[in-house]
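If you want the building blocks of each chain, they are given just below.
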Amino acid sequence: LDGPFVVWLHQSSTLEVLTSGKSHIETPLNHREWEIFTIAPIQSNGDVRWGPIGLADMMNSGGALVQTGKLEESTTLSREGEDVGLTTTTAEFSSRGPGRFVAYAQPAPSRILIDGGCSIVTELPFSHNEENGELTFMLPNKDQEAQDNVHQVTVVWDSPP
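Residues numbered from 1 in each chain as written. Predicted model: local features only at pLDDT ≥ 70, side-chain atom pairs only at ≥ 80, totals over all residues. Heavy atoms only, no water.

Observations concerning the overall build of the protein chain
Reasoning step 1: The helix and strand inventory of the protein chain stands at 0 helices and 14 strands.
Reasoning step 2: When the helices and strands of the protein chain are read in sequence order from the N terminus, they spell out β-β-β-β-β-β-β-β-β-β-β-β-β-β.
Reasoning step 3: In the protein chain, of all internal contacts separated by at least 6 residues, the share reaching a separation of at least 24 is 63%. (Helix = DSSP H or I, 4+ residues; strand = E, 2+ residues; numbered from the N terminus. Contact = heavy atoms within 4.5 Å.)

Points about the sheet that holds strand β12 (residues 127-128)
Reasoning step 1: One open sheet holds the 5 strands; their spatial order is β4-β5-β9-β13-β12, and the pairing between them is antiparallel. Edge strands, defined here as strands with exactly one partner in the open sheet, are β4 (43-45) and β12.
Reasoning step 2: In this structure, strand β9 (residues 99-106) lies alongside strand β13 (residues 134-139), joined through 6 bridges in antiparallel fashion. Along β13, the bridge assignment pairs V102 with T136. (Pairing = 2+ DSSP bridges.)

Side note on the sheet that holds strand β1 (residues 5-9)
Reasoning step 1: Read from one edge of the open sheet, 3 strands run β2-β1-β3, paired in antiparallel fashion. Only two strands of the sheet have a single partner each, and these edge strands are β2 (14-18) and β3 (37-41). Across the sheet, the mean angle from the axis of one strand to that of its neighbour is 25°, orientation sign disregarded.
Reasoning step 2: Here 5 bridges tie β1 to β2, and the two strands are oriented antiparallel to one another. Directly across from L9, in β2, lies its bridge partner T14. (Axes fitted to C-alpha atoms, helices over the stretch in contact; angles between N-to-C directions.)

Some points on the side chain of T88
Reasoning step 1: Secondary-structure assignment places T88 in strand β8 (residues 82-96).
Reasoning step 2: For T88, a relative accessible area of 11% translates into the label buried. (Buried < 20%, exposed > 50% of the residue type's maximum accessible area, 1.4 Å probe, protein only.)

A word on the side chain of T136
Reasoning step 1: With respect to the helices and strands, the residue T136 is situated in strand β13.
Reasoning step 2: The class of T136 is buried, set by a relative accessible area of 12%.
Reasoning step 3: Within polar-contact distance, the side chain of T136 engages the side chain of S127 at 2.6 Å. (Polar contact = N/O pair within 3.5 Å; in protein donor to acceptor, adjacent residues only side chain to side chain.)

Quick look at the packing of aromatic side chains
Reasoning step 1: The final tally for this structure, using the stated rule, is 4 aromatic pairs.
Reasoning step 2: Taken together, a centroid distance of 5.9 Å and an interplanar angle of 70° make the contact between W50 and W157 edge-to-face. Separated by 107 residues along the polypeptide, W50 in strand β5 (residues 48-55) and W157 in strand β14 (residues 150-159) bring together distant segments of the chain. Each member of the pair, W50 together with W157, is buried.
Reasoning step 3: Both rings, one in F101 and one in F137, keep their centres 5.2 Å apart while their planes meet at 25°; by these two values the pair is stacked. Taken as a pair, F101 in strand β9 and F137 in strand β13 lie far apart in primary sequence, 36 residues in all. Accessibility assignment for this pair places F101 and F137 in one class, buried.
Reasoning step 4: In textbook terms, an aromatic cluster arises when at least three aromatic residues are bridged by ring pairs, as seen for W50, F93, F101, F137 and W157. (Phe/Tyr/Trp six-rings, centres within 6.5 Å; stacked < 30°, edge-to-face > 60°.)

Next comes the structure, spelled out in structure tokens:
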């Protein structure tokens, strides 16, 4: 595999980027210590780089991901009669929750949207570490009437004209 890849280290709660399939991470462990690595490919589209990991506080964090899509780019040429030329890149995925979701994103997204049911879309607060690209946000509990706890999430990057 060529790479790049993003790696989540569970015990230390850190995010690392491997630039190629030949890259490595040194993790010294003492007797009876352990670490779990979750590795995901990084997608690129123009200046946007994205790699979803999953629920950070679960040992099988990637198991929370039900479906991931490719980065998609679209351009809005006009809005209400004005030429805007706004380019938007989106990453859509489905994940089980609730919990703290972690991903790699560079640059920071403009917003994160979640399907709140009944055609209601809610914007989620998030934190982003510019240095290593770590993106985290909380997936909420779904209401009691929901058949499953799968969330439809869209991460959005807006690029000015």
